[in-house]
Amino acid sequence: MVRFLARRLLLTIPVLIGVATLVFSLIHLVPGDPVQAMLGESASPQDVAQLRAKLGLDRPLLQQYASFAAGVLHGDLGTSLRTNQPVTGVILERMPATLELAVAAMLVAMLIAIPLGIIAAVRKGTAIDHGATTLALVGISMPTFWLGPLLAIVFSVWLGWFPVSGRGTFANLVLPAVTLGAPLSAMLARMTRASVLEELRELYVTAARARGVSEARAVLAHAFRNSLIPIVTVIGLQFGSVLTGAVITETIFAWPGVGRLLVQSISARDYPAVQGCILLIAVTYVSMNLLIDVLYGVLDPRIRYE
Amino acid sequence: MLRVGAALVGVALLAALVGPVVTPWDPASQELALRLAAPSLAHPFGLDELGRDILARVLAGARISFLVGLTVVTVSATVGTMLGAIAGYAGGRVDDVISRVIDILLAFPGLLLAIALVAVLGPSLVNVLFALTIIGWVGYARLVRGQVLRAREFEYVQAARALGASMTRILLKHIIPTAIPAVIVQGTLGMAGAIIGEASLSFLGLGVQPPTPSWGTMLNGGRAHILDAPHLTIFPGLAIALLVLGLNFLGDGLRDRIDPRSESGR
């Protein structure tokens, strides 16, 4: 187990270095002079030179990279040009809002998807199954930037049940969480259906039925329980798409999280903040994948020896 | 499922090709006096914030979506298939380098990298195509690499090698054709992803720029009028959802047809 953990951790290091390098190189991909782009065409040469020195862009590339890497390792992602505050602090301030939204979205997804997937598997080939499968595909196809405004039109404008934007109360959370959770629930329902269906074909389920166990118990306590590992894996692996989806959902509902910060920073050409947000989301995604891999190894010993 | 998907995509393609020619409205012409007008017989989808016909703009936007979907899928599939085949067949250092690049790109949630690239390169259709291709090729490369790793051990491939066939010939004539069906399925689903990707970037103001009609840009414009003119949001979104649903149905149907064990649908 220790060897498996060490190998998995070692494999993550080059990926993290690659991610940091890619994020570092972003500012150098700006066409023309990135400092001029940040300050605008009317900026004086003195202001441009001052900001270039402040960002360290007047130093050789290798030196810039070394100081970026050292900063990242110390949790220093530079200073936001828009707010003049440390980027790390600004991001940490917004992080709880994004995590709250992401967790709520995942809960919504599980509440919808798992019962739907189980019912579709148990009633395979019936109208219920066809309906659930089609609904799941519709859910996957419905873009969040359309679903969000539609929910706002129906539940905020027409029915007046939930506020259309902001954060603070439970009512504020409902529409963003449903918007962000819906595509995930569609994917999860398909996965749950396929996974439960596979387990239902196993002999131990037939044996349980032969022993006179009730149908509900055969499905829930035997088949569903054993299908949980791939389902939990998918939930974990989808965390990245939830974080990306949060960029759009937070923009729609003016939710004060990291996603909205990213979009605001892009509009303001605040590249240090853009780099910080991208790095944080990518590192969270990689860490989550690592955690799921390790958990999978713990839950299923066969994985460790592959 | 395959037929429903093909029908939806066929109708959308027809609308993109013929729609802008037969519609009496120019997608750019403005009737400011009638701005935000609700759907009527004269304007079935209503008018937008500048008094432009939304139906004409949805039809014109379909062309952008197909342009993005087809370009991104064609370039990504070609580059990804080639690199995946080379990595899988050559092995060793070449495989290591290509696989590490794939790992790093996969470490980013797809759309996030596209957002990052367009954020620094600047908002434009060309940059959107570039960003979506950069995130797109990886999936094909990984898929084809896996297929090639399997196929290179087949007896007919070993026979071709023993007869002195070059690597290029073995890849093009014997190995890559075995991966084509899987690439077609991935391409159909990838087209849906590229269309959603473009619309997402345009919705965030990072994609196709006004006045060019793109479904994402139209939805972005509709955000300010959710309370007083919801039709600005409903129709472009419905167009995206139907086309993407059609492509997903088509991709799933093709997968079931090619690999009956996949059990994705029924």
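Calculation rules
- Along each chain, residues carry numbers from 1 onward, in the same order as the chain's sequence is written.
- Chains carry letters from A onward and ligands carry numbers from 1 onward, assigned in written order.
- With the structure being a predicted model, the display of local features is reserved for residues of pLDDT at least 70 and the display and counting of side-chain atom pairs for 80 or more, all residues being used for whole-chain, interface and lining totals.
- Where side-chain values are given, they derive from all heavy atoms of the structure, hydrogens and water being excluded.
- Helix numbering and strand numbering both begin at the N terminus, where a helix is a DSSP run of H or I of at least 4 residues and a strand a DSSP run of E of at least 2.
- The rule is simple: take the accessible area with a 1.4 Å probe, protein chains only, and divide by the maximum for that residue type; under 20% is buried, over 50% is exposed, in between is partly exposed.
- Throughout, a residue-residue contact means that at least one pair of heavy atoms, one from each residue, lies within 4.5 Å.
- Working definition of accessibility: Shrake-Rupley area with a 1.4 Å probe, residue cover restricted to the visible protein chains.
- We treat Lys and Arg as the positive residues and Asp and Glu as the negative residues; His and chain ends play no part in the count.
- For charged residues, the charge sits on one atom: NZ in Lys, CZ in Arg, CG in Asp, CD in Glu.
- Where a domain begins and ends is set by an automatic assignment or by a domain database.
- Simply put, the buried area is the total loss of 1.4 Å probe accessible area from both parts when two parts are fitted together.
- Whenever Lys or Arg places a side-chain nitrogen within 4 Å of a carboxyl oxygen from Asp or Glu, that contact is recorded as a salt bridge.
- N or O atoms closer than or at 3.5 Å make up a polar contact, with two conditions inside protein: a donor-capable atom paired with an acceptor-capable one, and, for residues adjacent in sequence, both atoms drawn from side chains.

Draft legend 1. Layout of the overall build of chain A. Summing up its helical and strand segments, chain A has 15 helices and zero strands in all. With the principal axes as the frame, chain A shows a C-alpha extent of 85 × 60 × 30 Å. For chain A, the residues scored as buried account for 48% of the 306 residues in total. For chain A, the proportion of contacts with a sequence separation of at least 24, taken over those separated by at least 6, is 71%. Accessible area of chain A: about 14,600 Å², with a carbon and sulfur share of 66%. With 22 positive and 17 negative side-chain charges, chain A shows a spacing of 8 Å between the two charge centroids.

Draft legend 2. Examining the environment of Phe235 of chain B more closely. Residue and element names in this part refer to chain B. Along the polypeptide, Phe235 turns up in helix 9 (residues 231–258). Among the residues examined, Phe235 registers a relative accessible area of 18% and is labelled buried. Sequence-distant contacts of Phe235, that is, excluding residues within four places in its chain, are made with Pro39, Pro44, Phe45, Ile54 and Val58.

Draft legend 3. Representation of the domain arrangement of chain A in the model. Residues and elements named next belong to chain A. Looking at the assigned domains, one finds that chain A contains domain 1 (2–73) and domain 2 (87–299). Computed from C-alpha atoms alone, the centre-to-centre distance between domain 1 and domain 2 is 32 Å. Taken together, both faces of the contact between domain 1 and domain 2 bury some 1,400 Å²; the carbon and sulfur share is 81%. Among the residues domain 1 hides against domain 2, the three largest losses belong to Arg8, Val23 and Met38. Together they make up 31% of the total. Across the contact surface, domain 1 and domain 2 share zero salt bridges. Joining domain 1 to domain 2, the criterion identifies two residue pairs in polar contact (both at pLDDT 80 or more).

Draft legend 4. Region of interest: unusual backbone geometry. Residue Pro210 of chain B is joined to Pro211 of chain B through a cis peptide bond whose omega torsion reads 10°. Within the secondary structure, Pro211 of chain B is located in the loop between helix 7 (167–203) and helix 8 (215–222). In the Ramachandran plot, Asn84 of chain A falls in the positive-phi region, its phi being about 60° despite a non-glycine side chain. Take Asn84 of chain A: it is sitting in the loop between helix 4 (61–73) and helix 5 (87–122). The phi dihedral of Arg269 of chain A is positive, around 50°, even though this residue is not glycine. When you line up the elements, Arg269 of chain A lands in the loop between helix 13 (258–267) and helix 14 (271–299). Classification of Arg269 of chain A by relative accessible area gives partly exposed; the value is 38%.

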